[in-house]
Amino acid sequence: GDSVTQTEGLVTLTEGLPVMLNCTYQSTYSPFLFWYVQHLNEAPKLLLKSFTDNKRPEHQGFHATLHKSSSSFHLQKSSAQLSDSALYYCALSEWNNNAPRFGAGTKLSVKP
Amino acid sequence: DPKIIQKPKYLVAVTGSEKILICEQYLGHNAMYWYRQSAKKPLEFMFSYSYQKLMDNQTASSRFQPQSSKKNHLDLQITALKPDDSATYFCASSHPGTGNERLFFGHGTKLSVL
């Protein structure tokens, strides 16, 4: 079945350094990949999602590229900000399944 | 104004009791979902409904029963509550389609079972 594997646990960075959160997946079909972000005591919300035409999605300085050859959709940002501290989920859905399945989540903590 | 309303925000229950978690969405979506988030299993899919019909169910226990009285409602009835049911339950909605649709989440109901 389909599944998502993320960088485990907590990632701690100093403000201004680059961010990379790993996400790899297993899927029977050609999946859609998403990154959701959840700030403390808030609901998860969409950060970005993969495009069917292989364009690179970007939002709030974050970007991710879907690499089908390596089954990856890593989240990147060139310079971390304090406000980026949050829980990040990689999620996957398939063409016949409207309910994304989420990875275990990666907590990003950005320090001054 | 929140477009997905979950009630109550906090809920305390005793073991063995029954509770209903309420979810209403005003986004005009026809697909609705329940997810559960706890320290043990972050953001775990439970149910999905499309046009008020059950599409997918990943919850093993029959103690969890979704109820859709209107197309913009998807409540979750939980019977015979156990301490392990303690979690935040998120309702979500989307347009049904090809699978590339984003989810919109409510703010969750935090359930504590004593």
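Below, the structure is looked at part by part. (Residues numbered from 1 in each chain as written. Chains lettered and ligands numbered in written order. Predicted model: local features only at pLDDT ≥ 70, side-chain atom pairs only at ≥ 80, totals over all residues. Heavy atoms only, no water.)

## Section: the overall build of chain A
We count it as follows: Numbering of helices and strands starts at the N terminus; helices are DSSP runs of H or I of at least 4 residues and strands are runs of E of at least 2. Computation of the radius of gyration draws on C-alpha atoms, with the globule rule given as 2.2 Å multiplied by the number of residues to the power 0.38. Partly exposed residues are those whose accessible area sits between 20% and 50% of the maximum for their type, while under 20% is buried and over 50% is exposed, using a 1.4 Å probe and protein chains only. By definition, residues are in contact when any of their heavy atoms lie within 4.5 Å.
When helices and strands are tallied, chain A shows 0 helices and 12 strands. From first element to last, N terminus to C terminus, chain A shows the α and β order β-β-β-β-β-β-β-β-β-β-β-β. Taken over C-alpha atoms, the radius of gyration comes to 13 Å for chain A, in line with the 13 Å a tight globule of 112 residues would show. Projected onto its principal axes, the C-alpha coordinates of chain A cover approximately 45 × 25 × 20 Å. Counting the 112 residues in chain A, one finds 48% classified as buried. The long-range fraction of contacts in chain A, counting pairs at least 24 apart against all pairs at least 6 apart in sequence, stands at 59%.

## Some words on empty space enclosed by the protein
All names here are of chain B. To be explicit about the condition: Both site types are read off a 1 Å grid over the protein atoms alone. A 1.4 Å probe that fits but cannot get out defines a cavity, while an open set with protein on both sides within 12 Å along at least five of seven lines defines a pocket; lining residues have an atom within 4 Å of a point. Grid points are joined across faces, edges and corners, and a volume is the space filled by probe spheres set on the points. Under the scheme applied here, ten amino acids are nonpolar (Ala, Val, Leu, Ile, Met, Phe, Trp, Tyr, Cys and Pro), four are charged (Asp, Glu, Lys and Arg), and all others, including Gly, are polar.
As enumerated under the stated definition, the model contains 1 cavity of 30 Å³ or more in all. Taken as a whole, the largest cavity encloses approximately 30 Å³ of empty space. Every residue lining the largest cavity is listed: Asn30, Met32, Tyr49, Tyr51, Gln52, Ser68, Lys71, His73 and Leu74. For the lining of the largest cavity, a count of residues per class yields 4 nonpolar, 4 polar and 1 charged.

## Concerning the sheet that holds strand β9 (residues 75-77) of chain A
All names here are of chain A. The line we're drawing: A pair of strands counts as paired when DSSP detects no fewer than two bridges linking them.
Strands sit in the order β3-β9-β8-β7 across an open sheet of 4 strands; the sheet is antiparallel. The open sheet has two free edges, formed respectively by β3 (19-21) and β7 (58-59), since each of these has just one partner strand. Examined bridge by bridge, β3 and β9 share 3 bridges and lie antiparallel to one another. Its bridge partner lying in β9, valine 19 is registered against lysine 77.

Nothing here speaks to function; it is all geometry.
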